[in-house]
Every structure is written in C-alpha cells, then in structure tokens.
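Listed below are the residues making up each chain.
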Amino acid sequence: FARAAHVYPIGTLMNLCPCKSPQHTFKKPHMHMVWFSGLRGAIAYALSIQFPGKYRDVIASLTMALVLSTIWVLGGATEPLLRCLGIAMGGTRHAELKDEESNVVEMSPPSPGRPKVKPVLVGRS
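Note that the structure is a prediction, hence the values are computed from the model and not measured. (Residues numbered from 1 in each chain as written. Predicted model: local features only at pLDDT ≥ 70, side-chain atom pairs only at ≥ 80, totals over all residues. Heavy atoms only, no water.)

## Comments concerning the side chain of Ser48
Threshold: Runs of H or I in DSSP of at least four residues are treated as helices and runs of E of at least two as strands, each being numbered from the N terminus. What makes two residues a contact is simply this: any of their non-hydrogen atoms within 4.5 Å.
Counting through the fold element by element, Ser48 comes out in helix α3 (residues 42-48). Ser48 has contacts with Arg56, Ile59, Ala60 and Thr63, leaving out every residue within four places of it along the chain.

## Focus: the pattern of salt bridges
Condition: Every case where a carboxyl oxygen of Asp or Glu lies within 4 Å of a side-chain nitrogen of Lys or Arg is listed as a salt bridge. Buried, partly exposed and exposed residues are distinguished by accessible area as a fraction of the type maximum, computed with a 1.4 Å probe on protein chains only: under 20%, between the cut-offs, and over 50%, respectively.
Tallied over the entire structure, the rule returns one salt bridge. Salt-bridge contacts for Arg83 lead to Glu79; the nearest nitrogen and oxygen are separated by 2.5 Å. Here Glu79 and Arg83 lie together in helix α5 (residues 78-85), a separation of four residues that amounts to about one turn. Relative accessible area serves as the criterion here: at 53%, Arg83 is assigned to the exposed category.

## Observations concerning the packing of helix α1 (residues 2-16) against helix α2 (residues 28-36)
Filter applied, for reference: Interaxial angles span 0 to 180 degrees and are taken between N-to-C directions of axes, which are lines fitted to C-alpha atoms, for helices over the stretch in contact. Roughly parallel covers angles under 35 degrees, roughly antiparallel covers those over 145, roughly perpendicular covers 65 to 115, and oblique covers all other angles. Each crossing gets its hand from how the near helix is turned against the far one by less than a right angle, where anticlockwise is left-handed and clockwise is right-handed. Polar here means any residue other than Ala, Val, Leu, Ile, Met, Phe, Trp, Tyr, Cys and Pro, which are nonpolar, and Asp, Glu, Lys and Arg, which are charged; Gly is therefore polar.
For the pair α1 and α2, interaxial distance at closest approach is 9 Å and the crossing angle is 150°. Here α1 lies roughly antiparallel to α2, going by the angle between them. Of the two possible hands of crossing, α1 and α2 adopt the one that is right-handed. Between α1 and α2, the residues in contact are Arg3, Ala4, Val7, Tyr8, Gly11, Thr12 and Asn15 and Met31, His32, Val34, Trp35 and Phe36, respectively. Here the residues of the contact of α1 with α2 are counted per class, giving seven nonpolar, four polar and one charged.

This is the structure in structure tokens:
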C-alpha cells in the first residue's frame with residue numbers, strides 16, 4: 001500500500017496544477033490502474049540476491065516464486081481491471097497518435113542543403 005500513498009496524493013496534486021489542460025486530467029480510474037500495476041517485485045528480487053548468510057539461495061528462490069506468482073495473478077487480472085474501470089484499450093490509442101501527428105513541432109530548422117525529414121510515429125499499428 002506504499003504505492004497508494006504516493007499515487008493518489010501526487011495524482012491529486014497534478015490535477016490541481018493550473019498548467020494542465022482540462023482534457024489531460026489524471027482521472028481516478030487511471031490512478032487506480034497505476035496503483036494496481038507496478039514493478040511487481042523487481043526491487044525485492046534485486047535485494048534478495050544480495051542477502052547475506054547461508055540462506056541467501058532460499059531467500060532468492062522464495063522471492064522469485066512470489067514475484068512470478070504475482071506477475072501471473074495480477075498481470076492476468078490487468079485486462080479485466082481495465083474493462084471494469086472503463087479504460088480504453090487498443091484501437092483508441094492509435095487514433096490519438098494520428099491526432100498527435102498534426103501537432104509535431106520541429107525543434108530546429110533544416111539546413112539549406114538538407115532535405116526536410118517527415119517525423120515518424122513509433123508504436124502499435
């Protein structure tokens with residue numbers, strides 16, 4: 001629950017920031033999803049393999065078993081949770097990328113002898 005202690009207060013502060021646009025708020029369902037997802041034990045495993053003493057291998061093995069089981073259970077629950085929270089998946093993001101393509105700003109003007117290069121969006125197709 002330590003992640004919740006960071007996600008919800010920081011998300012609320014972000015929403016109170018006057019510099020954001022109204023359509024880019026950090027909505028509660030998205031906060032819930034950020035809380036639900038996470039590193040899934042990467043830090044715990046990194047610490048377990050540095051555990052001192054004769055039980056180091058046991059600690060590392062148990063930690064890896066716990067990490068893999070949480071990835072399997074919680075990772076498998078990600079898509080149903082996205083549906084339950086009403087967060088769009090898949091096709092909508094592609095439409096957002098097409099809209100963003102018209103908002104590309106060139107950071108520096110092209111050199112006189114160089115042809116202008118069209119920006120390419122990288123992502124799902």
